[in-house]
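Read off the chains here:
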Amino acid sequence: MKPDEGPDLLVAGAGGGLAGALRAHGLGLSVLVVEAGAAFRRSNNTSMSTAMIPGPGSRFQREAGLTDSPETFLADVRRKTHDDVDEVVATTVAGVGARLVEWLADDIGLPIELVTDFDYPGHSVHRCHTVPGRSGASMLGMLADAVEQAGIDVLAPARLVDVAPAVDGVTVATLEYPDGSTEQIGCGAVLLATNGYGADQELVQRHIPEIAGAVYHGSEHSRGDALRIGERLGAATGYLDGYQGHGGLTAGTGTLTTWATVMLGGVVVNRDGERFADETQGYSEFARLELGQPDAFAAVVFDERIHLACSVFEDYRQTQLMNGLRSADTLAGLAEQLGVPAGSLTATLEQVATVVTGGAADPHGRTGWPAAPLQGPWYGVRVQPALFHTQGGLRVDDGARVLDGAGAPIPGLYAAGGAAVGISGHGPAGYLAGNGLLTALGLSFVAAETAAQAAAVVADPAGGATGVTPDVTSGLPLARSR
Ligand SMILES: Cc1cc2nc3c(=O)[nH]c(=O)nc-3n(C[C@H](O)[C@H](O)[C@H](O)COP(=O)(O)OP(=O)(O)OC[C@H]3O[C@@H](n4cnc5c(N)ncnc54)[C@H](O)[C@@H]3O)c2cc1C
């Protein structure tokens, strides 16, 4: 492909980037998706997720009788990050979340539903939207099908390895194929949606050494390519020590023991059968706490009520199918299966029952408890601390344009998802459920709209008086293909 035949927008990364590809296509841009992994539908972070997307103020919330707004979400984000968050990105994605989930439902045809059956830590209202099964693979599959149906080309496997600065409105992307050959493609703009650097042990060690000892449970292609490409172009970076950990990865199966087990009343014990922290503070920061326990051993213990409630999660069902779940009528029986001392586990659960019935304050300060004490039959899962994905990246503005060190947009370059600065602040504790997908799909969506506006200006330098068609849903001008 020669530069003048290239697409208006080249989207690198078929995770959250697919939302940007579809939005750009819907706005009249020609789009090419370039994806490093042939099996991306089952192996990137979006496919591995539980498909929870915050949409503060959505019509789904209104229909459920809930009041929410971007401001309320922002307040939650600021509280979770102790006011240390990229305000531009936080405000941008807070503002687009509701429109995003409604667009996914109405324009792309995703069977979006609001999760109201359990509280995600840190969210003051039910605002996570998902698809049936709560499976990222299923959601990504629907997006990929929509891309296919729209006739958007997906080049895979092909890795974006470099981007040359835009000259006369043409940005040149260099792709590398598995046989080592390379190709240059000219395009109107590049959206870096290649995720962060979780798979690059050297970068993890440099930026977040505290979690380098945990299992990495994310896409093997999250190698920091966007970071390297952006830095070569003079991009500013931020919050590189931000990450999402998880305290609920099932040991031995690699499936996710949903943190709903904990939020519904379960507890986490160490090798000695003892609790060591308030489990409801958040699954992300809990990974670091588990890593600090003897042998990094941890197990979630809960009861049948919780087991049944969690069976709506595909990940949890997989944990059960792959024999990650233990159960017994008695705590002694469960303790034996988990490999913890029976006496100690029994004492721990007795103390929890006292706290739940109001007989004592929790020594770890946990206040979120079920109405009644847990009771047998008992269930448990051995879990291991994990790093899921990184949350720092390239600085972007409210149009998802990558910024240079002086704060000016780098022409023709956008970033979204793990490639961009997230909204989780520093470390693991600022991560709210949904921060990953909201910035992945949300910033891609925003980037597509900004690119469409930019392309319309390029196509019609006189200012849009010659037949640029407005898009009725956003009010944006529809760009013409160059
Ligand atoms: C187990 C798990 C559960 C999670 N659950 C949730 C959840 O419920 N809600 C939530 O908000 N977040 C969740 N997250 C986080 C969320 O999945 C990520 O934050 C989000 O998917 C990131 O999207 P992305 O587009 O940046 O990355 P990805 O979805 O990983 O997409 C990036 C794509 O780029 C490709 N790629 C990489 N480098 C290149 C290159 N140089 N050229 C071309 N292609 C390239 C990769 O192969 C990949 O397909 C979870 C993460 C994990 C691991």
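Residues numbered from 1 in each chain as written. Predicted model: local features only at pLDDT ≥ 70, side-chain atom pairs only at ≥ 80, totals over all residues. Heavy atoms only, no water.

- The name given to the protein in an unreviewed UniProt entry is FAD-binding protein, and the organism recorded there is Nakamurella alba.
- Listed under Cofactor (unreviewed entry) in UniProt, the entry text for the protein is "FAD". (UniProt positions renumbered as here; feature names shortened; annotations may be inferred.)

1. Considerations on the domain arrangement of the protein
Alright, step 1. Segmentation of the protein into domains returns domain 1 (3–199 + 391–459) and domain 2 (244–387).
Alright, step 2. For domain 1 versus domain 2, the distance between C-alpha centres works out to 33 Å.
Alright, step 3. The partner domain 2 presents 18 residues to the 17 residues of domain 1 that form the contact.
Alright, step 4. Between domain 1 and domain 2, a total of about 1,400 Å² is buried, with carbon and sulfur atoms accounting for 67% of that surface.
Alright, step 5. If you sort the residues of domain 1 by the area they bury against domain 2, Phe118, Pro121 and Pro428 come out on top, with a joint share of 37%.
Alright, step 6. Across the contact surface, domain 1 and domain 2 share one salt bridge.
Alright, step 7. The partner of Lys80 in a salt bridge is Glu285, with the nearest N and O atoms 2.9 Å apart. (Domains from an automatic or database assignment. Contact = heavy atoms within 4.5 Å. Buried area = accessible area lost by both parts, 1.4 Å probe. Salt bridge = Lys/Arg side-chain N within 4 Å of Asp/Glu carboxyl O.)

2. Thoughts on the sheet that holds strand β4 (residues 113–114)
Alright, step 1. Taken together, the three strands give an open sheet; going across it, the order is β3-β5-β4, and neighbouring strands pair in antiparallel fashion. Among the strands making up the open sheet, the edge pair consists of β3 (53–54) and β4.
Alright, step 2. Here two bridges tie β3 to strand β5 (residues 128–130), and the two strands are oriented antiparallel to one another. Considered in β5, the bridge of Ile53 is made with His129. (Pairing = 2+ DSSP bridges. Helix = DSSP H or I, 4+ residues; strand = E, 2+ residues; numbered from the N terminus.)

3. A closer look at the packing of aromatic side chains
Alright, step 1. This model, assessed by the stated rule, comprises seven aromatic pairs.
Alright, step 2. Here the aromatic rings of Trp259 and Phe286 are separated by 5.5 Å at their centres, their planes lie at 55°, and the arrangement is tilted. Of the two residues, Trp259 sits in the loop between β13 (243–250) and α10 (260–263) while Phe286 sits in helix α11 (residues 283–291), which places them 27 residues apart along the sequence.
Alright, step 3. The buried category is assigned to Trp259, whose relative accessible area is 3%.
Alright, step 4. When the centroid spacing of 6.2 Å and the interplanar angle of 15° are considered together, the rings of Phe302 and Tyr379 count as stacked. Residue Phe302 is found in strand β15 (residues 298–303), and its partner Tyr379 is found in strand β17 (residues 378–390); the two are separated by 77 residues along the sequence.
Alright, step 5. We classify Phe302 as buried; its relative accessible area is 0%. (Phe/Tyr/Trp six-rings, centres within 6.5 Å; stacked < 30°, edge-to-face > 60°. Buried < 20%, exposed > 50% of the residue type's maximum accessible area, 1.4 Å probe, protein only.)

4. A short note on the pairing of β17
Alright, step 1. Burial of β17 is extensive: 11 of the 13 residues sit out of reach of the surface.
Alright, step 2. Note that strand β11 (residues 215–216) and β17 share two bridges and pair parallel. Residue pairing in the sheet places Tyr216 in a bridge with Leu387 of β17.
Alright, step 3. Two elements, β13 and β17, share six bridges in a ladder whose sense is antiparallel. Bridging across to β17, Leu249 finds its partner in Gln384.
Alright, step 4. Pairing of β15 with β17 involves six bridges; the strand directions are antiparallel. Bridging from a neighbouring strand, Val300 pairs with Val381 of β17.
Alright, step 5. Direction of pairing for strand β16 (residues 325–328) relative to β17: antiparallel, over a ladder of four bridges. Bridge assignment links Ala328 to a residue of β17, and that residue is Trp378.

5. Section: the side chain of Ser47
Alright, step 1. Position of Ser47 among the secondary structure elements: in helix α3 (residues 45–48).
Alright, step 2. By relative accessible area, which is 7% here, Ser47 ends up buried.
Alright, step 3. A polar side-chain atom of Ser47 sits 3.1 Å from the main-chain amide nitrogen of Ser43.
Alright, step 4. Among all residues touching Ser47, those that are not within four sequence positions of it are Phe40, Arg41, Arg42, Gly136, Ala137 and Leu140. (Polar contact = N/O pair within 3.5 Å; in protein donor to acceptor, adjacent residues only side chain to side chain.)

6. Overview of the pairing of β15
Alright, step 1. Of all the six residues making up β15, six are buried; the element is thus mostly covered by neighbouring parts of the structure.
Alright, step 2. Residues Ala298, Val300 and Phe302 point to one face of β15 and Ala299, Val301 and Asp303 to the other, with burial holding for every one of them.
Alright, step 3. Here strand β14 (residues 267–269) runs beside β15; their pairing, made up of three bridges, is antiparallel. For Val268, the partnering residue across the bridge sits in β15 and is Val300.

7. Considerations on empty space enclosed by the protein
Where empty space is left becomes clear once a probe the size of a water molecule has been rolled over the atoms.
Alright, step 1. Here the structure, examined in full by the defined rule, presents two cavities of 30 Å³ or more.
Alright, step 2. Here the largest cavity defines a volume of roughly 40 Å³.
Alright, step 3. In this structure, the largest cavity is lined by Asn195, Gly196, Tyr197, Gly224, Ala226, Leu227, Gly392, Gly393, Gly418 and Ala419.
Alright, step 4. Residue classes in the lining of the largest cavity are distributed as four nonpolar, six polar and no charged.
Alright, step 5. As for the second largest cavity, its lining consists of Pro121, Gly282, Tyr283, Ser284, Glu285, Tyr431 and Ala433.
Alright, step 6. When its residues are assigned to classes, the lining of the second largest cavity shows four nonpolar, two polar and one charged.
Alright, step 7. Here the lining of the second largest cavity spans two domains, and each of domain 1 (3–199 + 391–459) and domain 2 (244–387) adds at least three residues to it. (1 Å grid on protein atoms, 1.4 Å probe; cavity = no way out; pocket = protein on both sides within 12 Å on 5 of 7 lines; lining within 4 Å. Points joined across faces, edges and corners; volume = space filled by probe spheres on them. Nonpolar A, V, L, I, M, F, W, Y, C, P; charged D, E, K, R; others polar.)

8. Considering the pattern of salt bridges
Alright, step 1. The full count for this structure, using the stated rule, is 25 salt bridges.
Alright, step 2. Salt-bridge contacts for Asp68 lead to Arg127; the nearest nitrogen and oxygen are separated by 2.8 Å. A residue pair is termed long-range when its members are at least 10 positions apart, and Asp68 in the loop between α4 (59–63) and α5 (70–80) and Arg127 in the loop between β4 and β5 qualify at 59 residues.
Alright, step 3. Relative accessible area serves as the criterion here: at 12%, Asp68 is assigned to the buried category.

9. Re helix α7 (residues 136–149)
Alright, step 1. Over its 14 residues, α7 extends 20 Å from the first C-alpha to the last, a length consistent with the 20 Å expected when each residue adds 1.5 Å.
Alright, step 2. Within α7 the residues assigned to the buried category are Gly136, Ala137, Met139, Leu140, Gly141, Leu143, Ala144, Ala146 and Val147.
Alright, step 3. Near the N-terminus of α7, the side chain that reaches the backbone nitrogen of Ala137, with its oxygen 3.3 Å away, is that of Ser135.
Alright, step 4. Downstream of α7 by one or two residues, Gly151 has phi in the positive range, about 80°. (Expected span 1.5 Å × (residues − 1).)

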